Amino acid sequence: MRLEGLHHITAITADAPRNVDFYARVLGLRLVKKTVNQDDPTVYHLFYADERGSAGTDLTFFEYPGARRGRAGAGMVYRIVWRVASEEALDFWAGRLADEVSGLEREPGRLRFEDPEGMSLELAMVETADEPLVAQHPEIPAELALQGFDHVRAYSGRPEQSRRFLEETLGFEAAGETAWEVRGGQRGSFYVYGPPPAEVGMGGAGTVHHVAWASPMEDHAAWRERVAASGARPTEVIDRFYFRSVYFREPSGVLFELATIGPGFATDEPMEHLGESLSLPPAFEHLRDQLEPVLTPLPDPRGARAER
Ligand code: ZN
């Protein structure tokens, strides 16, 4: 039983329209699902990914309108890293992002910057045999596009306390003192710790809420059992409609999820129209008439393109 690398990463935005503009228009990801937070259906849960909504590319945001900025601290993910193919791609992105972001830092092999709410992002030139998972965007040539997640970095003051759980329970493979590879039959990614800052972390806009690792559908229940047997306290399996989820904290405090690869985002709308209209899981469909007027109006990135 192996996990297939990252499934999705979920963060928090206080400004959903700006979030759509940045991730869809600027970074060129596809908004593959516009749905609501299942714990509070009056606000969005937005999903950005490659063209097909593949596991390993999916960055999602809970919308908390008016939330204050958070800051990453011990036990939190503090950076998201995507793969790109070449230095040429990094040069392209350095140019494209120059007027769009703050904190832009170009180094050999990588480009770092912040999203509009201060979340730390990085593009890294990575040699890998994994399939590039890209979204289509008229201003971004496919060979320069983001190709899916490479890794996340989390703050831990005592990474050793997580080693046994990561390696023996979750099957992560050590890839250095504070880095692990999570690789299945199809795909892999990395989990890396960095030393935490002195200030205590604070959830809020521009911070990562949790990170999800990909499980084949048929292994999911067994993964939950294995996590429970280790002494961690997994939730029950929760049906998120687009995938099934189990949540628990790893010993360094980072909130992990194990999410199934499938059923996927084309479950309730056709692949060619993903994310264009509001999707409500069946349990929320009866609320549509009440929800549509209260949800924040959002730009339609591909519609705006078509009109030009
Ligand atoms: Zn999740």
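Just so you know, these numbers come straight off a predicted model, no measurement behind them. (Residues numbered from 1 in each chain as written. Predicted model: local features only at pLDDT ≥ 70, side-chain atom pairs only at ≥ 80, totals over all residues. Heavy atoms only, no water.)

(A) Just the overall build of the protein, in detail. Across its full length, the protein holds six helices and 16 strands. Its C-alpha radius of gyration of 18 Å places the protein within 12% of the 19 Å reference for a compact globule of 308 residues. Along the longest, intermediate and shortest principal axes, the C-alpha atoms of the protein span 55 × 50 × 40 Å. Split into buried and exposed, the 308 residues of the protein put 56% on the buried side. Restricting to contacts in the protein with at least 6 residues of sequence separation, those with at least 24 account for 70%. Roughly 13300 Å² of accessible area belongs to the protein as shown, and the carbon and sulfur atoms make up 50% of that amount. (Helix = DSSP H or I, 4+ residues; strand = E, 2+ residues; numbered from the N terminus. Rg over C-alpha atoms; globule rule 2.2 N^0.38 Å. Buried < 20%, exposed > 50% of the residue type's maximum accessible area, 1.4 Å probe, protein only. Contact = heavy atoms within 4.5 Å. Areas by Shrake-Rupley, 256 points an atom, 1.4 Å probe, with all protein chains shown as cover.)

(B) Main features of the sheet that holds strand β5 (residues 77–84). Read across the open sheet, the eight strands follow the order β6-β7-β8-β5-β9-β12-β11-β10; overall the sheet is mixed. Looking at strand neighbours, the two that pair on one side only are β6 (102–107) and β10 (173–174), the edges of this open sheet. As judged from the two bridges shared by β10 and strand β11 (residues 179–183), these two strands associate in the antiparallel manner. Following the sheet pairing, Ala174 is matched in β11 by Trp180. (Pairing = 2+ DSSP bridges.)

(C) Summary view of the sheet that holds strand β13 (residues 208–215). Ordered by their spatial adjacency, eight strands build an open sheet running β2-β3-β4-β1-β13-β16-β15-β14, and the pairing between neighbours is mixed. Either end of the sheet is taken by a strand with one partner, and the two such strands are β2 (30–37) and β14 (238–239). Where strand β3 (residues 40–49) and strand β4 (residues 58–63) come together, four bridges link them in antiparallel fashion. When the bridges of β4 are listed, His45 appears paired with Phe62.

(D) Here's a closer look at helix α1 (residues 16–26). Taken as a whole, α1 has its buried residues at Ala16, Asn19, Val20, Phe22, Tyr23, Ala24 and Val26. One or two steps after α1, the chain reaches Gly28, where phi turns positive at roughly 80 degrees.

(E) Quick look at the nonpolar core. In terms of nonpolar packing, the biggest core is built from 67 residues, with Tyr23, Leu27 and Trp82 touching the most fellow members. Dropping the residues within four chain positions of it, Trp82 is found in contact with Tyr23, Leu27, Leu29, Leu59, Leu121, Glu122, Leu123, Ala124, Leu146, Gly148, Phe149 and Asp150. (Core = buried A, V, L, I, M, F, W, Y, C linked by side-chain atoms within 4.5 Å.)

(F) Just the coordination of the zinc ion, in detail. Protein ligation of the zinc ion involves His8 (NE2), His210 (NE2) and Glu257 (OE), the donor distances falling in the range 1.9 to 2.0 Å. Along the chain, the residues that donate to the zinc ion are spaced as H-x201-H-x46-E. Highlighted residues: His210 in strand β13 and Glu257 in strand β16 (residues 255–260), separated in sequence by 47 residues. For the pair formed by His210 and Glu257, the shared burial category is buried. (Donors = N, O, S within 2.8 Å, 3.2 Å for Na, K, Ca; no water.)

(G) Representation of empty space enclosed by the protein within the structure. All told, the structure shown has three cavities of 30 Å³ or more when counted by the stated rule. Reported here for the largest cavity is a volume of approximately 110 Å³. If you trace the largest cavity, you find 13 residues lining it, with Leu31, Gly275, Asp300, Pro301 and Arg302 closest to the centre. The set of elements that each furnish at least two residues to the lining of the largest cavity consists of β2 and α6 (301–307). Taken together, the residues that form the lining of the largest cavity break down as six nonpolar, one polar and six charged. Each pocket or cavity is described by its volume, and for the second largest cavity that value is around 40 Å³. Lining the second largest cavity, in full, are Leu27, Gly28, Leu29, Ala135, His137, Ile140, Ala145 and Leu146. Of the residues contributing to the lining of the second largest cavity, the split by class is six nonpolar, two polar and no charged. (1 Å grid on protein atoms, 1.4 Å probe; cavity = no way out; pocket = protein on both sides within 12 Å on 5 of 7 lines; lining within 4 Å. Points joined across faces, edges and corners; volume = space filled by probe spheres on them. Nonpolar A, V, L, I, M, F, W, Y, C, P; charged D, E, K, R; others polar.)

(H) Spatial organisation of helix α3 (residues 160–169). Three or more residues of α3 are buried, namely Ser162, Arg163, Phe165, Leu166 and Thr169. Remark: Gly171 follows α3 within two positions and exhibits a positive phi of approximately 75 degrees.

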